[in-house]
Amino acid sequence: MPLVVPPRKPTTPLPQFQTGILMMFELVETTALMSIYPYINQLIREFDITGGDDAAVGYYVGLIDSLLYLAQALTVLSWSRLSDRIGRRPVLLMGLTGACISMICFGLSTTFWSLVISRCMWGALNGNIGIMKTVMGELTDSTNMAQGFALLPMVWAIGSSVGPLIGGMLARPHDHWPRSFTNPFWRKYPYFLPCAVSASMLLLAFFMLLSFLEETLSTKRRPRLTLSIPSVSRDIDSDDQEAFVQQSTPNTSLWLLTPAIVVPIANYAMLSFLDMSFRALVPLFLSTPIHLGGVGLTPSSIGLWLAFYGIVDGLFQAFFLAKIVDWVGPKRLFCISSSCFAPLVVMFPIMSWLIHTRGVVDHAIVYSLFVQLVLTVTWEMAFVTRLNTATALMFVTASAPAKNVLGVVNGLCQTSRSVACALGPALTTSLFAFSKKYNILDGNAVYIILIILSGILRWLGSQLPDEIQDRDE
């Protein structure tokens, strides 16, 4: 008897306006979050925290980043649970308010601990990183999930280019435009301008979300939303399933710790650790003086390079990621992309060797940076910067047993990611500084450890299911 192949479901169109509002929101938050990286290393040096020891800058930069994610790890699950009770929209608005306050305080900071506190405010008051993915999961179904989640890394990459561009170009405005910024305020707070611009964008996003974003939580949204967004409509059976889940699981977080959910989350956490480690290393390596094995670039040059990288990565993810996922498959693409991390890290000691042997930053370093860019874009198909895992997020989202616990699943996912992000920058930049200061393995100990961890990630990727489960069935 011939095998009957069930017909493929027609692809549900994405709700364009609501998706656009969500993407605008992610763009603004990413831009603000990433705007400090071109100048943070110089800021640490100017505060004279290291006592003139350039090799020790990595310790403090990593601490600032890590404490943000530690604060986020302690609060993000609570924000996600709150969004399951009162709705996604009000929690997103609260997060934007916290982010805006954090940026203003960061720009007005004059000591190391004021920098730390203002950055921790972002992590503690803003749980939007997981809720945003929950909203995308509720706006999509199994037929358009890849298309929807492909937008997240694309927009994140754009924000990752705009943010460093703002930070690098607007830092120390009295040096760049001395006739326009003559007030002593700009010399006292030389990095306030990029922070103020980021805060203004966050404030604008607040009012746009308040005016236009519709609630996606099924128990809080208006009835007309079901008609306007086909991807969140469900049949009676799925409603009954969600009601059963809600009534029968008083401790949802523990009940959800099953292998089907834990394996994707473990991949997500390891990805986050490695990606945040890489993100912390890039500006640190580029700003480190040449005699310590770095490139010795200025904040504006670092900002321009990070902006160029973000544009290339964003365009690639926008035009090719969804097609590649459909062609190769999520698991195979995840494994291929994660395998690129080891050669990506190897490019750091190669560039150090080239500078040491040639004695100058020339075209060989430029070519090496472009090779690293190609490897990074490939790696980003598994993970796209600090917030969005394209293929891994699809596995996490599909693992939720019902949509009414999708917020908790993404909250658990985000908590694990936040812990990994708290550890990654601090350990990696500290090991970078330790390796350079004491010449451990010729200053390359940090790279060897990251390569070993990338092998663990490759093994974790092999444990993912071969296919993404259809959560609508």
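We now turn to the structure provided with this report. (Residues numbered from 1 in each chain as written. Predicted model: local features only at pLDDT ≥ 70, side-chain atom pairs only at ≥ 80, totals over all residues. Heavy atoms only, no water.)

1. A short note on a nonpolar patch on the surface
Rules: Patch definition: residues with relative accessible area over 30% and no salt bridge; like charges joined within 9 Å; nonpolar side chains (Val, Leu, Ile, Met, Phe, Trp, Tyr) joined within 5 Å. With residues, only the protein chains shown are counted as cover, and all accessible areas are computed by Shrake-Rupley using a 1.4 Å probe. Basic side-chain nitrogens of Lys or Arg form a salt bridge, by our definition, when they fall within 4 Å of a carboxyl oxygen of Asp or Glu. Only DSSP runs of H or I covering at least 4 residues are called helices, and only runs of E covering at least 2 are called strands; the numbering of each starts at the N terminus.
Together, Phe434, Tyr438, Ile440, Leu441, Ile448 and Ile452 make up an exposed nonpolar region whose accessible area comes to about 570 Å². Of all the secondary structure elements, the ones that give two or more residues to the nonpolar patch are helix H20 (406–438) and helix H21 (445–462). Here isoleucine 440 shows up in the loop between H20 and H21.

2. A closer look at the pattern of salt bridges
Where we set the bar: Remark: exposure states derive from per-residue accessible area (1.4 Å probe, protein chains only) relative to the maximum for the residue type, with buried under 20%, exposed over 50%, and partly exposed in between.
Counting across every chain of the model gives six salt bridges. Note that arginine 279 is salt-bridged to aspartate 275, the shortest N-O span being 3.6 Å. With a gap of four residues between them, arginine 279 and aspartate 275 both fall in helix H14 (residues 259–287), about one helical turn apart. Its relative accessible area of 12% is what places arginine 279 among the buried residues. Residue class for aspartate 275 comes out buried when judged on its relative accessible area of 0%.

3. A word on the packing of aromatic side chains
Keep this limit in mind: The criterion for an aromatic pair is that two Phe, Tyr or Trp rings (for Trp, the six-membered ring) have centres within 6.5 Å, with stacked assigned to planes under 30 degrees apart, edge-to-face to planes over 60 apart and tilted to the rest. Two thresholds decide whether a charge sits over a ring: the Lys NZ or Arg CZ must be within 6 Å of the ring centre and within 35 degrees of the ring normal.
Counted under the stated rule, the structure contains 19 aromatic pairs. For the ring pair phenylalanine 206 and phenylalanine 207, a centre distance of 5.4 Å and an interplane angle of 85 degrees mean the geometry is edge-to-face. Taken together through their ring pairs, the aromatic side chains of Trp177, Phe181, Phe185, Trp186, Tyr189 and Phe192 make up a single cluster. Between arginine 119 and the ring centre of phenylalanine 106, over which it is positioned, the NZ or CZ distance is 5.8 Å.

4. Some words on the packing of helix H1 (residues 16–34) against helix H4 (residues 88–107)
Here is the rule: Axis geometry follows a simple rule: fit a line to the C-alpha atoms, using only the stretch in contact for helices, then measure angles between N-to-C directions, giving values from 0 to 180 degrees. Put simply, angles under 35 degrees are roughly parallel, angles over 145 are roughly antiparallel, angles from 65 to 115 are roughly perpendicular, and the rest are oblique. Crossing handedness follows the turn of the near helix against the far one: under a right angle anticlockwise gives a left-handed crossing, and clockwise gives a right-handed one. Contact between two residues is taken to exist if any of their heavy atoms lie within 4.5 Å; hydrogens are not considered. Basically, the charged four are Asp, Glu, Lys and Arg, the nonpolar ten are Ala, Val, Leu, Ile, Met, Phe, Trp, Tyr, Cys and Pro, and anything else, Gly included, counts as polar.
At a minimum axis distance of 11 Å, the contact between H1 and H4 shows a crossing angle of 25 degrees. In terms of their interaxial angle, H1 and H4 are classed as roughly parallel. Seen along the crossing, H1 lies across H4 with a hand that is left-handed. Of the residues in H4, those touching H1 at Phe25, Glu29 and Ala32 are Leu92, Gly95, Leu96 and Met103. The class makeup of the residues in the contact of H1 with H4 is five nonpolar, one polar and one charged.

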